[in-house]
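In case you want the letters, here they are:
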Amino acid sequence: MPMFPPGATVRRRMIAPESLERAVELLRHGGVVALPTETVYGLSANAEDELAVRRVFAIKGRPATHPLIVHIPGVEHLNTWAREVPEAARKLAEAFWPGPLTLVLPRTARATDAVTGGQDTVALRVPNHPVALAVLQKLGGGLAAPSANRFGKVSPTTAEHVREDLGGDVDLVLDGGPCTVGVESTIVDLSSNEPAILRPGGLAAEDVERVLGRKVPVRTSSKVRVSGSLESHYAPRAGVVLTEPVQAVARVQELRGQGLRVGVLGPASLALPPDVPRFDVPDEPAGAARVLYARLREADTQGHDVLVACLPAESGLGIAVRDRLSRAAAPRG
Ligand code: TXA
Ligand code: MG
């Protein structure tokens, strides 16, 4: 069961059937469509249309060697994209799909070099959003879709974020309301005998380990090109300073003492000086994950020099939130 902070409402907009038809029509003819998933909005193209996939890379400004996730309509499609589906993959897919889990597996020829960056593996996931699933089912194929933001920037969790970032560069933006998970999927590499988490995300590592009945190490600095694992990523314009909540006020005072305009990303329970703007990020990890990117964006529009960000507990989705905040705080290249 997902947990939501008190007072939170989950809205899912209904999409007119004509828009779904139009999206599928565009995707069949080389179009690029931004669509909602439960994690973040994706910038999607037919995974088997090389030109369309290249347009996705061009719109994002992402190096063509960074592979994309292929979104599929259901677990029954796994075999057409992955040439080996080990027992562990089958178990995880059955337990968590549709959901915020991506599996890296040896690819079939259906996963082209354009999508995989020439690697012998493919990343696959079934998203848990009615709009994404409806499009996938009507299309009957796979959609290559990275997050619908420019390379290195904060991922979008509303259709409005996508329009702000990508504007007229996409053929259509489907609005499915705010994303309910709010951080990208957890990527699990099952292409060798040693399962590993390549990116902590919207599915807790504890859940992966429970189903596999073993520890699964996090290996974010693998040889594989996982762009979300570049040190400086998910970066807002303002500088980001990380803190444990108990030290937040002291950090704010110190930074203001240096003449900096400071905002705080932290829970409502944190007592701050009255003139310090707060962007409410609950301390409960799943709630924090859900609003993190939207708050980073909001804070960024207000011209702060520094955002002091409170770290959530290091368990469950707190691991993904800490990971994204650390990358937002990393030195910029
Ligand atoms: O939640 C998500 O995963 C979102 C939504 C739209 O589904 N998508 C997303 O895509 O985060 P993107 O492209 O921003 O991140 C995909 C990650 C990249 O870091 C990429 O390098 C990694 O998946 N990836 C893709 N194929 C891979 C492969 N064959 N081996 C290892 N990593 C791979
Ligand atoms: Mg991304």
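Residues numbered from 1 in each chain as written. Chains lettered and ligands numbered in written order. Predicted model: local features only at pLDDT ≥ 70, side-chain atom pairs only at ≥ 80, totals over all residues. Heavy atoms only, no water.

1. Notes on the domain arrangement of the chain
Our working rule: Those domain boundaries reflect an automatic or database domain assignment. Residues count as neighbours in contact if any of their non-hydrogen atoms are within 4.5 Å of one another. Note: buried area is the sum, over both parts, of the accessible area (probe 1.4 Å) each one loses when the two are combined. Salt bridge criterion: a side-chain nitrogen from Lys or Arg within 4 Å of a carboxyl oxygen from Asp or Glu. Here a polar contact means two N or O atoms within 3.5 Å. Within protein one must be a hydrogen donor candidate and the other an acceptor candidate, and residues neighboring in sequence count only if both atoms are side-chain atoms.
Structurally, the chain comprises domain 1 (8–212) and domain 2 (239–329). Taking only C-alpha atoms, the centre of domain 1 and the centre of domain 2 are 28 Å apart. Contact with domain 1, which involves 23 residues of that partner, is made by 13 residues of domain 2. Summed over both partners, the interface of domain 1 with domain 2 buries about 1400 Å², with 57% contributed by carbon and sulfur atoms. Of all residues in domain 1, the largest losses of buried area upon contact with domain 2 belong to Val154, Val183 and Pro200, amounting jointly to 34% of the total for that side. Counting across the domain 1 and domain 2 interface gives three salt bridges. Between Arg324 and Glu184 there is a salt bridge; the shortest N-O distance is 3.0 Å. Applying the counting rule to domain 1 against domain 2 returns seven residue pairs in polar contact (both at pLDDT 80 or more).

2. Details of the sheet that holds strand E12 (residues 278–280)
Convention followed: Strands are labelled as partners when DSSP assigns at least two bridges between them. Helix numbering and strand numbering both begin at the N terminus, where a helix is a DSSP run of H or I of at least 4 residues and a strand a DSSP run of E of at least 2. Axis lines are fitted to C-alpha atoms, over the contacting stretch for helices. Their N-to-C directions set the angle, which ranges from 0 to 180 degrees.
Across the sheet, four strands lie side by side as E10-E13-E11-E12; this open sheet has parallel pairing. Two strands close off the open sheet at either side, each with one partner strand: strand E10 (239–243) and E12. Averaged over neighbouring strand pairs, the angle between their axes works out to 25° when direction is ignored. Sheet topology note: the strand E11 (residues 262–266)/strand E13 (residues 306–310) ladder contains four bridges and is parallel. Within E13, the position partnered with Val262 by the bridge is Val306. Across the sheet, helix H9 (residues 248–257) lies against E10, E11 and E13, angled at about 170° from E13, the strand it touches most.

3. Details of the nonpolar core
Test applied: The term nonpolar core refers to a set of buried residues drawn from Ala, Val, Leu, Ile, Met, Phe, Trp, Tyr and Cys, joined through side-chain atoms within 4.5 Å. Burial classes: relative accessible area under 20% of the type maximum marks a residue as buried, over 50% as exposed, and values in between as partly exposed (1.4 Å probe, protein chains only).
Counting residues in hydrophobic clusters, the biggest one holds 47 residues, and the most contacted among them are Leu92, Trp97, Leu103 and Leu124. Here this core takes five residues from helix H2 (residues 50–60), the largest share from any one element. Those residues in contact with Leu92 that lie beyond four places of it in its chain are Trp97, Leu101, Leu103, Val188, Leu190, Val208, Val211 and Leu212. Residues Val240, Ala299, Leu307 and Leu311 belong to the second largest nonpolar core, which totals 26 residues.

4. Structural notes on the UniProt feature "binding site: L-threonine" (unreviewed entry) in the chain
To be explicit about the condition: UniProt positions are given in the numbering used here, feature names are shortened, and annotations may be inferred rather than shown by experiment.
UniProt records the feature "binding site: L-threonine" (unreviewed entry) at Thr39, His71, Arg125, Ala145 and Ser185, using the numbering of this structure. Across 147 residues, the annotated set stays spatially compact, with a maximum C-alpha separation of 12.6 Å. Summarising the element assignment, Thr39 is placed in the loop between strand E1 (33–35) and strand E2 (42–46). Leave out the neighbours within four places in its chain, and Thr39 touches Pro100, Arg125, Thr157, Cys179, Val181, Gly182, Val183, Glu184 and Ser185. A polar contact is formed between the side chain of Thr39 and the side chain of Thr37, at a distance of 2.9 Å. Tracing the chain through its elements places Ala145 in the loop between strand E6 (143–144) and helix H7 (159–166). When residues no more than four places from it in sequence are discounted, the contact partners of Ala145 are Gly42, Leu43, Ser44, Ile69 and His71.

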